[in-house]
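Okay, here's what each chain looks like letter by letter:
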Amino acid sequence: MKILAVCTVVLAAPAFASTSGPLRAFDEAVAAGLPQRVALPAGDAEARDASSGELVVTSLVEGLDTAFSDGTRGTHYMATWQGKPAVVVRSAGHLDITVADATGVSITGYSGDTERPHRLRRDGSAESAAATARAVASVADEPPTTSGLSPNPHEGLSTVGFHMFVHDDVEDRSDQHIHAGYVAWWAVDMRRILAVRRVQTVYRRRMPGLTDIPRHDGDLLGRWTLSMQRLVMREGLMPIPGHSWFKFMLLTPDAIEPGHYGRAWLGGDHAVASLNGPYTVIAHEYGHTLGGVHEDASVEWSGFWPCETNLYSHSNALRRNCYRYTPENQRRMREYMAGALPDEGERRLEMVY
């Protein structure tokens, strides 16, 4: 029952013991009431300059809870960083600022033992363009099951939990950095899109039979689904009609098979995504589990450059990511949460991501 216990915790405003100037400055500003301006050191860790960046924290994101595998939790805030809309995640020993726009995802992070920020890679940069161009994800039919794990969700659902199991072979990324790049911006959007009271994101590591599953064959999604269903049955994590619903994803360090970076059951509860794919891969695969389809994705314009929405099927290295769903796919997700399932003709879709 330990995963269920994580799911049902309601988070309050954080009370952390800050050890560095940036974290302490943030906590003191938030405690004084929002909105607040916070001056944070903006130079890279190796830089000698003392330049500052302005973080304007505007509001706490209500109804969005995050639990990391080490037992710590994260709280989300809406903000602007250096003049751009941002999501801030404060967790024990971490402060991560995520800006997701058509130029890519930019993450500025502060930890408890340093005054200077660290930065993570950006989608749209030269180093990630190749991964974006070759990333492929697939969506398939939900396999037959007699377990009763996948009935339709019900109108008025109060909680949806997105559980991410980090494969044992992922050794170079913390939960917090995975969350800042792939999940924080998306989770805030899901809180807005879905007609639920609470969205929860939960990270789990080192679970024998789940996070150590062999990952180099074409049936990874099927084997992951069966393994996860066994755990759900054993631990009593069945969805509660009208109250809670759970989605489960395995995060792998590289392509799940040659040229493929993600798979999901359309309208199902299980998915696999590679952290070697672009920052939209988790949004893409979870989007399929919520009934979103490639046909309703699009290429749009953000500023003066075209971008692909989260469920677009044919990635082009010359285009960027929009980091949002189209209104049509948002409608599909809300209808799915209200009890509608995709039509049979929309199943077994494959896309270049």
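Look up: the structure comes first, before these words.
One structure accompanies this document, and this report is about it. None of these values were measured; they are calculated from a predicted model.

The rules behind the values
Residues numbered from 1 in each chain as written. Predicted model: local features only at pLDDT ≥ 70, side-chain atom pairs only at ≥ 80, totals over all residues. Heavy atoms only, no water. Core = buried A, V, L, I, M, F, W, Y, C linked by side-chain atoms within 4.5 Å. Buried < 20%, exposed > 50% of the residue type's maximum accessible area, 1.4 Å probe, protein only. Helix = DSSP H or I, 4+ residues; strand = E, 2+ residues; numbered from the N terminus. Contact = heavy atoms within 4.5 Å. Pairing = 2+ DSSP bridges. Polar contact = N/O pair within 3.5 Å; in protein donor to acceptor, adjacent residues only side chain to side chain. Phe/Tyr/Trp six-rings, centres within 6.5 Å; stacked < 30°, edge-to-face > 60°. Disulfide = S-S within 2.5 Å. Axes fitted to C-alpha atoms, helices over the stretch in contact; angles between N-to-C directions. Parallel < 35°, antiparallel > 145°, perpendicular 65-115°, else oblique. Left-handed = near helix turned anticlockwise from the far one by under 90°. Nonpolar A, V, L, I, M, F, W, Y, C, P; charged D, E, K, R; others polar.

1. Brief notes about the nonpolar core
(1) Moving on: Judged by nonpolar contacts, the single largest core of 48 residues is most densely connected at Trp-186, Leu-194, Leu-251 and Ile-282.
(2) Moving on: Sorting elements by how many residues they give to this core places helix H4 (residues 175-193) first, with 11 residues.
(3) Moving on: When residues no more than four places from it in sequence are discounted, the contact partners of Leu-194 are Val-160, Phe-162, Leu-290, Met-333 and Met-337.

2. Considerations on the pairing of strand S7 (residues 104-111)
(1) Moving on: When you tally the buried positions in S7, you get eight out of eight residues, the bulk of the element.
(2) Moving on: Taking every second residue as pointing to the same face, both faces of S7 are buried, with Gly-104, Ser-106, Thr-108 and Tyr-110 on one and Val-105, Ile-107, Gly-109 and Ser-111 on the other.
(3) Moving on: Of the strand pairs in this sheet, strand S6 (residues 94-101) and S7 are connected by eight bridges, and their pairing is antiparallel. By the bridge assignment, His-94 is partnered in S7 with Ser-111.
(4) Moving on: Joining the antiparallel neighbours S6 and S7 is a turn of two residues.
(5) Moving on: As defined by bridge partners, S7 adjoins strand S8 (residues 118-120) across three bridges and the pair is classed as antiparallel.

3. Focus: the side chain of His-76
(1) Moving on: Note on placement: His-76 falls in strand S4 (residues 73-81).
(2) Moving on: A polar contact of 2.8 Å, which involves the side chain of His-76, links it to the side chain of His-179.
(3) Moving on: Those residues within four positions of His-76 in sequence are excluded, and the remaining contacts are Ser-59, Leu-60, Val-61, Leu-64, Thr-66, Val-87, Val-88, Val-89, His-179, Ala-184 and Val-188.

4. Some thoughts on helix H6 (residues 281-289)
(1) Moving on: Within H6, nine of the nine residues are buried, which leaves it mostly tucked inside the rest of the structure.
(2) Moving on: Note on H6: the residue one or two positions beyond its end, Gly-291, has a positive phi of about 95°.

5. Re the packing of aromatic side chains
(1) Moving on: Enumeration according to the criterion identifies nine aromatic pairs in this entry.
(2) Moving on: Clustering of aromatic rings is evident, with ring pairs tying together Phe-162, Trp-186 and Tyr-286.

6. What about the state of the cysteines?
(1) Moving on: A complete count under the given rule lists one disulfide for this structure.
(2) Moving on: The side chain of Cys-307 participates in a disulfide bridge whose partner is Cys-322; the two sulfur atoms lie 2.0 Å from each other. Taking the sign of the S-S torsion, 100° for the link of Cys-307 and Cys-322, the bridge is right-handed. Note that Cys-307 is positioned in strand S16 (residues 305-308) and Cys-322 in the loop between strand S17 (320-321) and helix H7 (327-337), a separation of 15 residues in sequence. Taken individually, Cys-307 and Cys-322 each receive the classification buried, so the pair is uniform in this respect.

7. Some points on the packing of H4 against H7
(1) Moving on: Viewed as axis vectors pointing N to C, H4 and H7 meet at an angle of 65°, and their least axial separation amounts to 10 Å. Judged by the inter-axis angle, H4 sits roughly perpendicular to H7. When you trace H4 past H7, the crossing you get is right-handed. Along the contact surface, H4 presents Met-190, Arg-192 and Ile-193, while H7 presents Gln-330, Met-333 and Arg-334.
(2) Moving on: Among the residues forming the contact of H4 with H7, the class breakdown is three nonpolar, one polar and two charged.

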